[in-house]
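Commentary on secondary and tertiary structure
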Amino acid sequence: MSEILTFLKTIEEEARSAIEKADDKTALDNVAYSYLGRKGKLAEVSRGFGKLDPGIRPRVGSRLNELKKTLNELITQKAGALTSVLESKDVFDYTLPGKRSPVGRRHPLMQTADRMVQIFRGMGFSVATGPDIDTEFINFDALNTPEDHPARDLSDTFYIKKGILLRPHTSTVQVRTMMAQKPPVRIISPGRCYRSDAPDASHSPVFYQCEGLYVDERVTFGDLKGAIIQFARDMFGPGIKVRFRPHFFPFTEPSAEYDFSCMICGGNGCRVCKNSGWLEISGAGMVDPEVFRAVGYDPGKVTGYAFGMGVDRITMLRYRIGDIRLLYENDVRFLRQF
Ligand code: DAH
C-alpha cells in the first residue's frame, strides 16, 4: 500500500478516536475543524494531490472522498448524541421562562362582604349567622309578616316542605339573634338568600344580603342614618350622599328605602342610575314593636334599627359589573380580574 494511503488510514483512526472522546459541542466542533476544515488535515492532503504519482491519484481521490463522508457522518451522529444527552440529563436551563401555577383568590362577592364586615366592625357591630334553611315562623311570623303577604307565596319563595323554606332574606338572623340573647345587640349578618326569580342581568335566584340590627335603650332613626352614611363613605368614598325615602316593611315602623348618590356619574345621571343620579340600595327602619314582642324583648324598654343591604348590588357598583349572573357562573376568565 502506498505511503499516502497508510497516512490516510492513520488520520482516520486519529479522527475516529477524537470524535469519540469529544464530550461537548465545542470539543466536537474543534475536531471537525481540525480534520474537515479549510485548513484541516484532509484539506492538506488534497492540496498535495497534484504532486502524486498519476497512477495512484484515482484511488487516493476516492479514498479521500470516502473519508470525508465517513467523518462527516460520525460527527453528525455524535452531535445528535450530545444533544440528546443534554436533554435526557436533568439539566436545568435558567433561561427558560417559568411555569406559573394558577392561584385561586377570594370571590368578588366575598371580598365585598369582607369589606362590609370590616366597616361595620369599626362601628361596633359583630357578625352573626343563621341557617339558609329556616322555618316560616322565623322568616315571616316573627317578622310581623301577614299571612297573605306576597313574599310567603310559593311562586316567590322556595319551600322545602310546609313551614320550611330557603330563606328569602337574612332578616331571619335578627330574629334568631334576639331570641338567643338579651339586649343590647349590635350585629350584621352577611349570607346567602334564595328567591324564585328568573335570572336576568339584575336578578339571580341565589344572592347575598347583609342584615344589620342595633337594639338598645334609646336607639334612634338618626343613629340608623349615621351608620348607613358612614358605611356609604367608607365603601365608596367621602363624596357619596345618602337619601332615605318613606317605605313600608312589616318588620319596621317607620320604614324607609335608602339610596346612594351614583358613584359612576357622580350624581349627574347616567345609564347605571337611569339618569336619576341615585341608586337604590335596600330597606331599613326602626324595629317594629311586634317583632320585639315575638322574640321576647320589651318594646317599652328598648328601641332599635334594622337594615338590609344587597351584597351583590354593592359588589356590582364597586367593581362596575353590569350583570349579576357573572357572579354565579364561576368563569375563571371573569373571576381572575378581581
Ligand atoms: N328583608 C328586606 C328584603 O329582603 C330588606 C330589609 C328591609 C331588611 C328593611 C331590614 C329592614 O332589616 O329593616 O328586601
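Check the secondary structure of the chain and you find 11 helices and 10 strands. In terms of overall dimensions, the chain is more spread out than a globule: its C-alpha atoms have a radius of gyration of 42 Å, far above the 20 Å expected for 338 residues. Considering only C-alpha atoms, the chain reaches an extent of 130 × 45 × 35 Å along its principal axes. Expressed as a percentage of its 338 residues, the buried residues of the chain come to 43%. Of the roughly 19400 Å² of accessible surface on the chain, 52% is carried by carbon and sulfur atoms. Averaged over its 47 positive side-chain charges, the chain has a centre that lies 7 Å from the centre of its 42 negative ones.

Before going further, it helps to examine the environment of Met309. Mapped onto the fold, Met309 is located in the loop between β10 (303–307) and α10 (311–319). Judged by relative accessible area, Met309 falls into the buried class, the value being 0%. Once the C-alpha coordinates of Met309 and Cys210 are considered, the two residues, 99 residues apart in sequence, prove to be 5.0 Å apart. Not counting residues up to four positions away in its chain, the partners in contact with Met309 are Met116, Phe120, Tyr208, Gln209, Cys210, Ile228, Phe231, Tyr258, Ile281, Ser282 and Ile314.

Okay, the domain arrangement of the chain next. Taken domain by domain, the chain consists of domain 1 (2–88) and domain 2 (108–337). Taking the mean C-alpha position of each, domain 1 and domain 2 sit 87 Å from one another.

Looking now at the pattern of salt bridges. Within the structure shown, the criterion is met by 17 salt bridges. The salt bridge partner of Arg106 is Asp114, with a shortest N-O separation of 2.6 Å. Using a relative accessible area of 45% as the deciding quantity, one classes Arg106 as partly exposed. Within this structure, Arg243, Arg245, Glu257, Asp259 and Glu280 form a network of salt bridges that share partners.

Quick look at the sheet that holds strand β1 (residues 126–127) now. Here we have 7 strands laid out as an open sheet, ordered β1-β5-β6-β10-β9-β8-β7, and mixed in their pairing. This sheet does not close on itself; its edge strands, each paired only once, are β1 and β7 (242–249). In terms of strand pairing, strand β9 (residues 278–287) meets β10 through 3 bridges, oriented antiparallel. By the bridge assignment for β10, Gly285 is matched with Ala306. Packing against the sheet, helix α7 (residues 171–180) makes contact with β5 (185–194), β6 (206–216) and β10, and its axis sits at approximately 35° to β6.

Our focus in this paragraph is the site of the ligand. In the vicinity of the ligand there are 16 residues, among which Ser171, Arg195, Gln209, Glu211 and Ala306 approach most closely. At 3.1 Å, a side-chain N or O of His169 approaches a nitrogen atom of the ligand. A distance of 2.8 Å separates an oxygen atom of the ligand from a polar atom in the side chain of Gln209. For the shell around the ligand, the elements supplying multiple residues, two or more each, are α7, β6, β9 and β10. Looking at which element gives the most residues to the shell around the ligand, the answer is β9, with 4 residues.

What counts, and where the lines are drawn
- By convention here, each chain's residues receive numbers from 1 onward along its written sequence.
- Restriction of local features to residues with pLDDT of at least 70 applies here, the model being predicted, together with a cutoff of 80 or more for giving and counting side-chain atom pairs; totals for whole chains, interfaces and linings are based on all residues.
- Heavy atoms throughout the structure, all of them, feed into the side-chain values; hydrogens and water do not.
- Each helix is a run of DSSP H or I of at least 4 residues and each strand a run of E of at least 2, with the numbering of both proceeding from the N terminus.
- Only the C-alpha atoms count toward the radius of gyration. The rule for a globule is 2.2 Å times the residue count to the power 0.38.
- Accessible area is worked out with a 1.4 Å probe on protein chains only. A residue is then buried under 20% of its type maximum, exposed over 50%, and partly exposed in between.
- Residue exposure ignores everything except the shown protein chains as possible cover, and the areas themselves are Shrake-Rupley values with a 1.4 Å probe.
- For the charge count, each Lys or Arg is scored as positive and each Asp or Glu as negative, with His and the chain ends excluded.
- Every charge is mapped to an atom, namely NZ of Lys, CZ of Arg, CG of Asp or CD of Glu.
- Residues are treated as being in contact if the distance between any of their heavy atoms lies within 4.5 Å.
- Each domain's limits were defined by an automated method or a database of domain assignments.
- The term salt bridge refers to a pairing of a side-chain nitrogen on Lys or Arg with a carboxyl oxygen on Asp or Glu at a separation within 4 Å.
- Pairing between strands is defined by DSSP: at least two bridges between the two strands are required.
- To get an axis, fit a line to the C-alpha atoms, keeping to the stretch in contact for a helix; angles then go from 0 to 180 degrees between the N-to-C directions.
- One heavy atom within 4 Å of a molecule or strand makes the whole residue count as near it.
- For this analysis, a polar contact is any N or O atom pair within 3.5 Å, provided that within protein one partner can donate a hydrogen and the other can accept it, and provided that sequence-adjacent residues contribute only side-chain to side-chain pairs.

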